[in-house]
Amino acid sequence: MTKLLYDLRYALRQLRKAPGFSLTAICTLALGIGISAAMFTVVDGVLLRPLPVPYSSQIVAVGEANNSGGISSSALPNLRDWRTQSRLFQDIAWFTENFFDLKKADGSTQFSINVEASSNFFSMLQAQPLLGRTFLPNEGNGGNAHAAVLSYYVWQNNFHGDKDILGKTIQLGQNSYSVVGVMPQYFYIGIPNDGPVVWTILAHTPDMEDRSNGFLFGMGRLRPGVTIAAAKAELTGIQANIAKQYGSEHLPKDVAIVDYRDSLVGSVRRGMLALQGAVLLVWLIACANIAGLMLTRMTARRREIAVRAALGAPRGRIIQQFLTESLLLGLCGGLVGLGVAVGSLALLRHSLDASLNRSGDIALNGHVILLLIVLSIVSAVIFGTAPALEAASADPQAALHAGSRGVGTGRQQLRLRNALIIGELALSLILLVSAGLLLRTLYALQQVPLGFNPQKLVIAQFFSKAGFVPTAQDQNAPDIRETIFKPLLERVQHLPGVESAALVTATPLSTMVQMNDTFAVIGNPSANEANRTAQIHAVTPEVYHTLQIRLLQGRLFGEQDHMGTPASVIVNEAFAHQYLGAKPIGKRLNLDLGASSKSVLKDATVVGVVENTPQNAIGRPAEPEVDVDMYQVPVGDDFYPIFSLVMQLVVRTQQKPDAFIPEITRILTQVSTAFVVSNVQTMQQKIEGLLGSQTLAARLLWIFAIAALLIAAAGLYGLLSYSVSQRTRDIGVQIALGAQRGDILKLIMKQAFRLLGVGIALGIFGAYFATRIVRSFLYGVDQHDLITIAGVSILLATVGILASYIPARRAANIEPIEALRAE
C-alpha cells in the first residue's frame, strides 16, 4: 500500500509537470468514455433491461401475420381458441386501447388511455400491483366488469398519491369504475411507458364473436424451454384448423409471434447496436491516440527511467509506476466523462423519445457508473501497457550515455507508434464510410416521389372516445358527418390563409392507422384469389385537391356521388395495375365480403385512378388502395362506424403551416367533445419524423466519425512532430551538407503517405464487412458503394496530409547551425 501511495504521488507530480499532455489525454478519454457510457445507458434501458415482470423472456406478442411479415391484431374467438387449444403456452391474454376523459380528484378531466384487457391479463404476466390487487380470474364474465387498475402516473397526478384510493369510484367517460389496484411506476406492458392509463376488463359485445373482427392485441407466456418457432408452428396449425372448420377462406391462416420486448423497441434495435459499435470504435481510437502520447512522453523520460533502473529499481516497479500514471489518467478521464455522459444522454434521449417506447428507462444508474469505472480501468490498461513494457525494457546504459534529444527512437517503439496511427486511420475510415452511406440514404429518400405535395400541409388526427363509436344497426343515431365533420371543415376552410381542407381516415405516411380488407372484382373470377387485400380509406371529395394528388384516369368524386346513388370508388395506380388491368374505369368491386353485410360497398364502381402515395414509409412501394366517398355511405351501413374510430384532417395553407397548428387544434377541440385530438403537425414534420431513425443515425455517426478523424489526424500530427524533434540534428546535418529543403519536406511527407496508404487500405477492407451492420438503414445505395468509399478515403487522406504538412514544413525550415548548437 505504501508503494502504491508513493506511485500515486509521483504520478500526480508527473502529470502536473506536463499540463498540456495531461489535459489532452483526459479530454480525449472523457470524450470516448462519456459517449460510450451514454450510448450504453440507452442500449441498457431500451434493449437489455428485462420487462418488469417475472421471467420476462417468456412473454411474447401474439397475433395474425400481415402481408408485410409483421404482426397484426386478432379477433377474440381466435385468441380464445389459441388459449384453450395450445399446449406450449402457459396462458394467453389480450387487450385493446381506447381514449376518454378521466375525471380527476379536483373535478377537472384529463385525456387518458384505457387499456381494456382480458381478466387474466395481469395473472398471465405474473405482475404484482403496488397497491391492492389486479383482476381476478373470470372477473367480469357475469357482466360486472367495473374493476379498474390505475397506472402510477394516474395515481400520482390525478389523485395525488391517495393511499386510500382502493375502493373509490372513478369516472371514465360515461362509465363508473371501482379502483382495485395501482401498478408500479414504469409498468409499460401494452402501452408506451408509464402515463395516464387505466386498465379495465374488456366488456363483451356480440360483434366481438365475428372472427374477422381483428381488434385485439394478443400476449402470451411460453412454457419454460419453449422456443418462439415451436409456439408459432403450433398456433399456425391451430389457426389453419379454425379457418378450415368455419369454411372461410378469408380467415388468416398464419400466426406471428415475436418477443414482446422486441415489439416495444421495433426497428431501432439494429440502429442502437450499430451506434453503440461506432462509439466503441471512437473509444478505441482515443485509447490508441493516448497510447501514442504515452510512448512519446516515455521517450522524453528515458534518462529518468535509466537513473531509476541504475539505482536498483526492478522492472516490475517501473511497469507499476507507468501503469499507475495510466490508471490515474483513466480515472480522471472517467470522472470528466461522467459530465460528458450526462450531456450526451440528454441529447440522445431528446432525439429518441419520439421513436422509443421505453424511453422512461433511459437514465443514469448503477450499471452506467460501473461501466464508467470499468471503461476507465480498461482504458488505462490499453494505453498504459505498451509504454510501461517499453520503459521497463529500455537499456539504462544506452539511455545514460545519450546526452541529448538527438538519440533517435528505437525500431520497436517506432513500429508500435506507426501501428497505432494506422489503426486509428483504419477505424476512422470505417466510421466515415458508414456515415457517408447514411447521408446518401437520406438524400435518396428525400428524392423519392411522394405522389402528393407535402409543402404547406397541416395534418391532425383525432380518435373517438370510448363509448362513442356507433354500430351499423344504430340507424337513428345522429349522423356525425352532419353534426361534426361538415361544421369542422367549414370552420377550418374559413380561416384566413387556408386554401382547402379535407377529411380522410388515413393520410399518406399515416403509419398508425391503416385499414386492410379483402375484396373481390365482380365479374372477374381470375382476380379473386384468396387473401387479396387492399387498404380501404374513407375520404371527403376535397382530399385530392388538398393533397394535390394527380388524377391519372377517369374522374374524381363530384356532385353526382351522393347518398342514394350507386357507390363510386377511386383506386390508386398500384391497385389498378395489380388487379384491374389496362382499363380499370367502370370495373366493379365488392369491398365487403361479410355474409350478412348490408354495405353499399358490395357493389362499387371504379370511377378514377390516382397516382400512388406511400402509405407506411418513404421508399417502400405503395400498396393497393381504394378510396370511398364517405358521403355515399348511409348511417346504417356496415362501413359507417369506420368514420367514428379515427379521422384525420388535412389542411393546405397559403402561408407557413406551423402557424395554423394552434388555431386548428382549438377548432378541433371545440367542434365536438366526442373526439380526442392527437398529433397536430405539419406534413414536413411528419416526414422528418419518419426519417428520424436514419437522420439520427446519420447525424450521430458523422459526429463520431469526425471525432475519430480529428483524433486520428492529431495522432498523425503528433507522431510526425515527435519524429521531426527526434531527428532535428540529423536533418540539420543533411541541410548543412547540401540537402534541399524540398527534399526534407518530401522525406517527412513520404512517411505520412506510407501511414495514410496502409491505414486507408485496411479501413476499406474493414468497411467491407462493417457496413453490413447499417445495411438495414440503407435505401438507394449499396453497402459497398464505391463513390462513398472513394469520397471518404479522399477526405481522410486530405485531412491526414494537412496534419502531416505542418511538421514536414517545420522540418524543412530547420536551420543547421541552430540544430547543431542544440546538441
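Residues numbered from 1 in each chain as written. Predicted model: local features only at pLDDT ≥ 70, side-chain atom pairs only at ≥ 80, totals over all residues. Heavy atoms only, no water.

A. Broad picture of the overall build of the protein. Tallying secondary structure elements over the protein gives 24 helices and 23 strands in all. Of the contacts made within the protein by residues no fewer than 6 positions apart, 82% connect residues no fewer than 24 positions apart. (Helix = DSSP H or I, 4+ residues; strand = E, 2+ residues; numbered from the N terminus. Contact = heavy atoms within 4.5 Å.)

B. The packing of helix 3 (residues 76–85) against helix 6 (residues 228–245), seen in detail. Between helix 3 and helix 6, the least distance of the axes is 10 Å, while the angle of their chain directions is 125°. Judged by the inter-axis angle, helix 3 sits oblique to helix 6. For helix 3 against helix 6, the interelement crossing comes out right-handed. Counting all contacts with helix 3, which are made through Asn78, Asp81, Trp82 and Gln85, the residues of helix 6 involved are Glu234, Leu235, Ile238, Gln239 and Ile242. Here the residues of the contact of helix 3 with helix 6 sort into four nonpolar, three polar and two charged. (Axes fitted to C-alpha atoms, helices over the stretch in contact; angles between N-to-C directions. Parallel < 35°, antiparallel > 145°, perpendicular 65-115°, else oblique. Left-handed = near helix turned anticlockwise from the far one by under 90°. Nonpolar A, V, L, I, M, F, W, Y, C, P; charged D, E, K, R; others polar.)

C. Inspection of the side chain of Ser793 at higher detail. Relative to the elements of secondary structure, Ser793 occurs in helix 23 (residues 786–812). With a relative accessible area of 11%, Ser793 lands in the buried category. (Buried < 20%, exposed > 50% of the residue type's maximum accessible area, 1.4 Å probe, protein only.)

D. Expanded view of helix 3. Buried residues of helix 3: Leu76, Pro77, Asn78, Leu79, Asp81 and Trp82, and no others. Check the buried side of helix 3 and you find it contacts strand 1 (59–65), strand 3 (89–103), strand 10 (217–222), helix 6 and strand 11 (255–259).

E. Geometry of the pairing of strand 7 (residues 169–172). Alternating residues of strand 7 divide into Ile170 and Leu172, all buried, and Thr169 and Gln171, none buried. Two strands pair when backbone bridges link them, and strand 7 and strand 8 (residues 175–182) are joined in this way by four bridges, in the antiparallel orientation. Along strand 8, the bridge assignment pairs Thr169 with Ser178. A loop of two residues connects strand 7 with strand 8, the two strands running antiparallel in sequence, and Gly173 in this loop sits at a positive phi of about 65°. (Pairing = 2+ DSSP bridges.)

F. Summary view of the nonpolar core. Within the largest apolar cluster, 50 residues are counted, with the highest numbers of intra-cluster contacts made by Phe485, Leu589, Phe643 and Leu649. With six residues, helix 14 (residues 480–493) is the largest single contributor of residues to this core. (Core = buried A, V, L, I, M, F, W, Y, C linked by side-chain atoms within 4.5 Å.)

G. Looking closely at the pattern of salt bridges. Per the stated rule, a full pass over the model turns up 10 salt bridges. Between Asp162 and Lys168 there is a salt bridge whose closest N-O contact spans 2.6 Å. Relative accessible area serves as the criterion here: at 21%, Asp162 is assigned to the partly exposed category. The closest approach of N and O atoms between Asp785 and Arg440, which form a salt bridge, is 2.3 Å. Here the residue Asp785 occupies a position in the loop between helix 22 (741–770) and helix 23, and Arg440 occupies one in helix 13 (residues 411–446), the gap between them amounting to 345 residues. (Salt bridge = Lys/Arg side-chain N within 4 Å of Asp/Glu carboxyl O.)

H. Structural context of the packing of aromatic side chains. All told, the structure shown has 10 aromatic pairs when counted by the stated rule. Pairing Phe122 with Phe135 gives two aromatic rings, centres 5.3 Å apart and planes at 65°, and the pair type is edge-to-face. Residue Phe122 is located in helix 4 (residues 121–125), and its partner Phe135 is located in the loop between strand 5 (131–132) and strand 6 (147–150); the two are separated by 13 residues in the primary sequence. Both residues of the pair, Phe122 and Phe135, belong to the buried class. Relative to Trp155, the ring of Tyr152 has its centre 5.8 Å away and its plane inclined at 70°; by these criteria the two rings are edge-to-face. Here Tyr152 and its partner Trp155 are both found in helix 5 (residues 152–157), three residues apart, which amounts to about one turn of the helix. When its relative accessible area of 24% is taken as the criterion, Tyr152 is described as partly exposed. Exposure remark for Trp155: the relative accessible area of 7% places this residue in the buried category. Here the aromatic residues Phe95, Phe121, Phe122, Phe135, Trp199 and Phe217 are joined through ring pairs into a cluster of three or more. (Phe/Tyr/Trp six-rings, centres within 6.5 Å; stacked < 30°, edge-to-face > 60°.)

I. Inspection of the packing of helix 14 against helix 18 (residues 661–671) at higher detail. Between helix 14 and helix 18, the shortest axis-to-axis distance is 10 Å and the interhelical angle comes to 150°. Taken together, the axes of helix 14 and helix 18 are roughly antiparallel relative to one another. Read as a crossing pair, helix 14 and helix 18 show a hand that is right-handed. Side by side, helix 14 and helix 18 meet where Ile484, Leu488, Arg491 and Val492 of the first sit next to Arg666, Ile667, Leu668, Gln670 and Val671 of the second. Across the contact of helix 14 with helix 18, the residue classes break down as six nonpolar, one polar and two charged.

J. The pairing of strand 6, seen in detail. With burial as the criterion, each face of strand 6 is covered, one bearing Ala147 and Val149 and the other bearing Ala148 and Leu150. Where strand 6 lies against strand 9 (residues 197–201), three bridges are found, and the strand directions are antiparallel. When the sheet's bridge partners are listed, Ala148 is paired in strand 9 with Thr200.

K. Quick look at a nonpolar patch on the surface. A grouping of Leu327, Leu331, Ile369, Ile373, Ile377 and Val381 is seen on the molecular surface, where their side chains present a nonpolar patch of about 470 Å² in accessible area. Elements represented by at least two residues in the nonpolar patch include exactly helix 10 (315–352) and helix 11 (366–393). Tracing the backbone shows Val381 in helix 11. (Patch = residues over 30% accessible without salt bridge, like charges linked within 9 Å, V, L, I, M, F, W, Y side chains within 5 Å. Areas by Shrake-Rupley, 256 points an atom, 1.4 Å probe, with all protein chains shown as cover.)

L. Up close: unusual backbone geometry. A positive phi is found at Gln126, a non-glycine position, where the angle reads about 60°. Under the relative-accessibility criterion, Gln126 is labelled partly exposed at 29%. Its identity is not glycine, yet Gln548 carries a phi of approximately 60°, on the positive side. As for its placement among the helices and strands, Gln548 is situated in the loop between helix 15 (543–547) and strand 17 (551–554).

M. Here's a closer look at the environment of Leu716. Locating Leu716 in the fold gives a position in helix 20 (residues 692–726). Between the alpha carbons of Leu716 and Leu420 there is a distance of 9.5 Å; along the sequence they are 296 residues apart.

N. Quick peek at helix 22. A rise of 1.5 Å per residue sets the reference length of helix 22, with its 30 residues, at 44 Å; its end C-alpha atoms lie 42 Å apart and thus fit the reference within 8%. Inspection of helix 22 places Ile744, Ile748, Met749, Gln751, Ala752, Leu755, Leu756, Gly759, Ile760, Gly763, Gly766 and Ala767 among the buried residues, and these make up the whole buried set. (Expected span 1.5 Å × (residues − 1).)

O. How the structure looks around the environment of Gly107. Relative to the helices and strands, Gly107 resides in the loop between strand 3 and strand 4 (109–117). On the basis of relative accessibility, which here comes to 44%, the residue Gly107 falls in the partly exposed class. C-alpha separation for the pair Gly107 and Asn158, spaced 51 residues apart in sequence, amounts to 9.8 Å.

P. A look at a positive patch on the surface. There is a patch of like positive charges on the surface, built from Arg9, Arg13, Arg16 and Lys17. Structurally, Arg13 is set in helix 1 (residues 2–17). A residue is classified by how much of its surface remains accessible, and Arg13, at 37% relative accessible area, is partly exposed. (Lys, Arg positive; Asp, Glu negative; His and termini not counted. Charge placed at Lys NZ, Arg CZ, Asp CG, Glu CD.)

Q. A look at the confidence of the model for the protein. The pLDDT averaged across the protein works out to 78; a share of 79% of its residues lies at or above 70. Confidence drops under pLDDT 50 across residues 403–409; counting only partners more than four residues distant or on other chains, this segment forms 13 contacts. (pLDDT = per-residue confidence, 0-100.)

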